[in-house]
Protein chains: 2
Amino acid sequence: MSQLHFTSEDWKVSEDRYWITFFNSISGPRSVVMIGTQDQEGVGNIGLFNSLVHLGANPPLLAFILRPTTVPRHTYQNILSSGCYTIQHGTVDLLSKVHQTSAKYDTKQDEFEEIGFEKSYIEGFQAPFIQGVPISLAMEFREEHTVKSNNTRLIVGEVKHVFVNERLIDQDGCVDTSKADTLLVSGLDAYHRHDRIKRMKYARP
Amino acid sequence: MSQLHFTSEDWKVSEDRYWITFFNSISGPRSVVMIGTQDQEGVGNIGLFNSLVHLGANPPLLAFILRPTTVPRHTYQNILSSGCYTIQHGTVDLLSKVHQTSAKYDTKQDEFEEIGFEKSYIEGFQAPFIQGVPISLAMEFREEHTVKSNNTRLIVGEVKHVFVNERLIDQDGCVDTSKADTLLVSGLDAYHRHDRIKRMKYARP
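This structure is a prediction, so every number in the text was calculated from the model and none was measured. (Residues numbered from 1 in each chain as written. Chains lettered and ligands numbered in written order. Predicted model: local features only at pLDDT ≥ 70, side-chain atom pairs only at ≥ 80, totals over all residues.)

A. Representation of the overall build of chain A. For chain A, the count of helices and strands is five helices and 13 strands. Rg of the C-alpha trace for chain A: 18 Å, near the compact-globule value of 17 Å for 205 residues, within the 12% margin. C-alpha atoms of chain A, sized along the principal axes, occupy 55 × 45 × 30 Å. By the burial criterion, 50% of the 205 residues in chain A qualify as buried. (Helix = DSSP H or I, 4+ residues; strand = E, 2+ residues; numbered from the N terminus. Rg over C-alpha atoms; globule rule 2.2 N^0.38 Å. Buried ≥ 20, exposed ≤ 12 C-beta atoms within 10 Å, placed from the backbone.)

Laid out in structure tokens, this is it:
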């Protein structure tokens, strides 16, 4: 098999679409999550994100990247106005519905209803949950940072509630998402499943 | 199976170690990459990161999270002093060596030599590559942001070179890492393999 070598000379002259797909996927698959929000009129929104990263456990913080030009702004506006959002893993058996949350619906359309997800709430928390998924987080917005190089935003939130199936948790607290068949995505449309190989011991020199 | 509900009441009173592992893994597996750098004396360093995210394709930007208290600072110092680094995917057949790059070696120890990776260079680029891995990126440092909530840093870089096996690239530019058996990790030690389910069509309302 042949090893190709690409440089900016290649992606500056060739067609845009190829390189957008290429760079979207070269960093490999990541877990794909649905971010649920609600506007002040009660209209629910679901955005699909594959940029969720762990920032720290104490306090429990997660961040994701918001790309202003390609992702609907509903998620961002609702997070700013309500201060909260839900994060829920997609699963293999829900693949079609999960992918459908990436569609750009009109502001007035409730995406839970349009896509056919049952909505649920918990007391004192404005953002809606999708019923029937194995891992759900309730998040409070903490801070945001704008990347000057291309105007993407890092959105940082703190975990306030976790709902998770008991059977997914190892004895030491490690959550085994492979038991719930949660989805990964590479780029915008290449979905993957994952299997645990093994857990490794803490590495020492 | 029973759905558990955890709140800050739980993680404030219980032992730290359990919740560190829990929150490290709840966001699901992500691709794990080795970041290669070199200091001004020519000593090579490899850091293991699972927080790589795509920021944009034009210019091609990737970011990762640097956690000051848990990750050795060598990677960060070398990036600041040299302005560059390499990003290379781990693969299933190299699992032991890949995980070993997470060990904290002394500054004077060359991690490529200690771990047994063959080092290679390209002209005009100070950061070293590991030979024999299927996807390699040469990065130039662009900017950093410090998250106030817990002092983690977002490190942003621009892709300058890509080396990738031809057979991994779909006709439209999508890179299928599952064909190269690249590794994913959940938390710090739970390694996974991935299989492509399918690519989906662009979703419309």
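B. Structural view of the relation of the copies chain A and chain B. You can overlay chain A on chain B at an RMSD of 0.0 Å; the transform is a turn of 180° with a shift of 0.0 Å along its axis. On the angle and the small slide along the axis, the relation comes out as a two-fold axis. When you check the interface residues of chain A against chain B, 100% turn up at the interface there too, and the contact is symmetric in its surfaces. (Least-squares fit on C-alpha atoms with pLDDT ≥ 70 in both. Contact = placed C-beta atoms within 7 Å.)

C. How the structure looks around the interface of chain A and chain B. Each side of the interface is counted separately: chain A has 92 residues, and chain B has 92 residues. Counting residues per element, the side of chain A that touches chain B draws most heavily on strand β13 (residues 190–199) of chain A, at ten residues. Classifying every residue of the side of chain A that touches chain B by side-chain character gives 40 nonpolar, 33 polar and 19 charged. Summarising the sheet, β13(A) and strand β13 (residues 190–199) of chain B pair through nine bridges and their orientation is antiparallel. (Nonpolar A, V, L, I, M, F, W, Y, C, P; charged D, E, K, R; others polar. Pairing = 2+ DSSP bridges.)

D. Looking closely at the pairing of strand β1 (residues 3–7) of chain B. Counting buried positions along β1(B) gives zero out of five residues, so the element sits mostly on the surface. The pairing of strand β11 (residues 153–165) of chain A with β1(B) spans five bridges and is antiparallel. The residue of β1(B) that forms the bridge with F163(A) is H5(B).

E. Main features of the nonpolar core. In terms of nonpolar packing, the biggest core is built from 108 residues, with L62(A), A63(A), L62(B) and A63(B) touching the most fellow members. Filtering out sequence-adjacent residues up to four positions away, A63(B) remains in contact with V53(B), L55(B), L154(B), I155(B) and V156(B). (Core = buried A, V, L, I, M, F, W, Y, C linked by C-beta atoms within 7 Å.)

F. Expanded view of the pairing of strand β3 (residues 33–38) of chain A. All names here are of chain A. Extensive coverage of β3 is indicated by the burial of six of its six residues. Burial along β3 is two-sided: V33, I35 and T37 facing one way and M34, G36 and Q38 facing the other are all buried. Inspection of the sheet shows β3 paired to strand β4 (residues 44–49) by six bridges, in the antiparallel sense. Considered in β4, the bridge of V33 is made with F49.

G. Structural detail: unusual backbone geometry. Residue and element names in this part refer to chain A. Of note, the amide linkage connecting N58 to P59 takes the cis form, showing an omega dihedral of 0°. In this fold, P59 is placed in the loop between β5 (53–57) and β6 (60–66). Non-glycine residue N151 carries a positive phi angle of around 65°. Within the secondary structure, N151 sits in the loop between β10 (135–146) and β11.

H. Focus on helix α3 (residues 74–82) of chain A. Residues and elements named next belong to chain A. Considered for burial, the residues of α3 that qualify are H74, T75, N78 and I79. Seen from one end, α3 has its buried residues packed into an arc of 130°, which puts them on one side. Buried residues along α3 sit against β3, β4, β7 (84–89), β10 and β11. Immediately downstream of α3, the backbone of G83 shows phi near 75°, a positive value. (Arc of directions from axis to C-beta.)

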